[in-house]
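Coordinate analysis (summary)
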Amino acid sequence: MDVFSRTFLPAAAETGLAVQTVSRHMPVFRQCVGSGDATILVARCSRPDRPVAGEYLLLLTHRRMVVTQQTRVLHRLRLHLNTELRELSNVTWSPDPRSQSVELAATAIDGVRERFVVHTQHPKQVWQLDTLLHHAFRTRLRPAKERVVATIGETTTSAGSGLRPVPAR
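For every chain, the first residue of its written sequence is number 1, and the numbers climb from 1 along that sequence. Local features in a predicted model are, by the rule used here, given only for residues with pLDDT of at least 70; side-chain atom pairs are given and counted only at 80 or more, and totals for whole chains, interfaces and linings are based on all residues. The side-chain quantities take in all heavy atoms of the structure and omit both hydrogens and water.

What to know about the sheet that holds strand E5 (residues 89–96)
Following DSSP output, two strands are said to pair if at least two bridges run between them. Note on conventions: DSSP H or I runs of at least 4 residues are helices, E runs of at least 2 residues are strands, and numbering of each starts at the N terminus. Here three strands make up an open sheet; going across it, the order is E5-E6-E7 and the pairing antiparallel. Each having just a single partner strand, E5 and strand E7 (113–119) make up the two edges of the open sheet. Each neighbouring strand pair of the sheet contributes to a mean axis angle of 10°, computed without reference to strand direction. Summarising the sheet, strand E6 (residues 101–107) and E7 pair through seven bridges and their orientation is antiparallel. Residue pairing across strands places Leu104 opposite Phe116, the latter belonging to E7. Where helix H3 (residues 123–139) meets the sheet, its contacts fall on E5, E6 and E7, and the angle it forms with E5 comes to roughly 165°. Where helices are involved, their axes are fitted lines through C-alpha atoms of the stretch in contact, as for all axes, and angles between N-to-C directions lie from 0 to 180°. By the convention used here, residues are in contact when the closest approach between their heavy atoms is within 4.5 Å.

Details of the nonpolar core
Among buried residues, those of type Ala, Val, Leu, Ile, Met, Phe, Trp, Tyr and Cys that are joined through side-chain atoms within 4.5 Å constitute a nonpolar core. Each residue gets one of three labels from its accessible area relative to the maximum for its type: buried under 20%, exposed over 50%, partly exposed in between, using a 1.4 Å probe on protein chains only. Among the nonpolar cores identified, the biggest contains 25 residues, and Leu58, Leu60, Met65, Leu104, Leu133 and Phe137 are the most heavily contacted of them. Those elements that place two or more of their residues in this core are strand E1 (39–45), strand E2 (55–61), strand E3 (64–70), E5, E6, E7 and H3. In terms of residues, this core owes the most to one element, H3, which gives five residues. Ignoring any residue separated from it by four or fewer positions in sequence, one finds Leu58 in contact with Leu41, Val42, Ala43, Cys45, Met65, Val66, Val67 and Leu104. Listed in part, the 14 residues of the second largest apolar core include Phe4, Phe8, Met26 and Cys32.

Some words on the packing of helix H1 (residues 3–14) against helix H2 (residues 19–32)
Packing of H1 against H2 leaves a shortest axis separation of 12 Å and a crossing angle of 140°. One finds that H1 runs oblique with respect to H2. The handedness of the crossing between H1 and H2 comes out as right-handed. Contacts between H1 and H2 involve Phe4, Ser5, Phe8, Leu9 and Ala12 from the former and Val22, Met26, Phe29 and Arg30 from the latter. For classification, angles of less than 35 degrees are called roughly parallel, those exceeding 145 degrees roughly antiparallel, those between 65 and 115 degrees roughly perpendicular, and all remaining angles oblique. Left-handed describes a crossing in which the near helix is turned anticlockwise from the far one by less than a right angle; the clockwise case is right-handed.

Looking at the environment of Thr92
Structurally, Thr92 is set in strand E5. On the accessibility criterion, Thr92 (34% relative accessible area) is partly exposed. Measuring from C-alpha to C-alpha, the distance between Thr92 and Thr107 comes to 9.5 Å, with 15 residues separating the pair along the chain. Apart from the residues lying within four places of it in its own chain, the contact partners of Thr92 are Glu103, Leu104, Ala105 and Arg113. Pairs of N or O atoms within 3.5 Å make up the polar contacts considered here, provided that, within protein, one atom can donate a hydrogen while the other can accept it, and that residues adjacent in sequence are counted only when both atoms are side-chain atoms. Polar contacts involving the side chain of Thr92 include one to the side chain of Arg113, which spans 3.3 Å.

Some details on the confidence of the model for the protein chain
Interpretation of this model should avoid reading the predicted coordinates in detail wherever pLDDT is low. The quantity called pLDDT is the predictor's confidence in a given residue, expressed from 0 to 100. Looking at the protein chain as a whole, the pLDDT averages 83, with 80% of positions reaching at least 70. Confidence drops under pLDDT 50 across residues 144–150; counting only partners more than four residues distant or on other chains, this segment forms zero contacts.

A few points about the pattern of salt bridges
For salt bridges, the criterion is a side-chain nitrogen of Lys or Arg within 4 Å of an Asp or Glu carboxyl oxygen. Counting across every chain of the model gives seven salt bridges. The partner of Arg47 in a salt bridge is Asp49, and the shortest N-O contact between them spans 3.6 Å. Residue Arg47 is classed as buried on the basis of its relative accessible area, which comes to 5%. Overall, Asp49 belongs to the partly exposed group, its relative accessible area being 41%. Glu84 is paired through a salt bridge with Arg86; the nearest N and O atoms lie 2.8 Å apart.

Structure below.
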């Protein structure tokens, strides 16, 4: 059993998803996520800007965010969002323990602002979800810092380095 399979089912059970729902969405998730990527979160979500668009299922791994949509009438599955976490910008979330939900918003690489609301069963789960999102988006995604390895024409003059410029021939 690969890492994705080992971590997917416990993450889905933690949010109270039915086995039928999980098994229905699993083939779509399998196509998007690598076998070595561990699941952080699997949860039902909705879109506040489109409340009648159908049901969404959000999958968050250490590398990717995948959202599938199930239509209301025909119950067809379609892929709504499939992106690497590093391609998302301006990621924000706001936990609301009174409504037992967390609103997650991010801008995809194509410039579209995606908003999802994840509802939890208990107010305590709101803070667990907040911690998971913090771990996925704040601690794992460090801003890319420019690293200068060497500059042409520069020499090191530190006394302890023992390196001296060699004249070109």
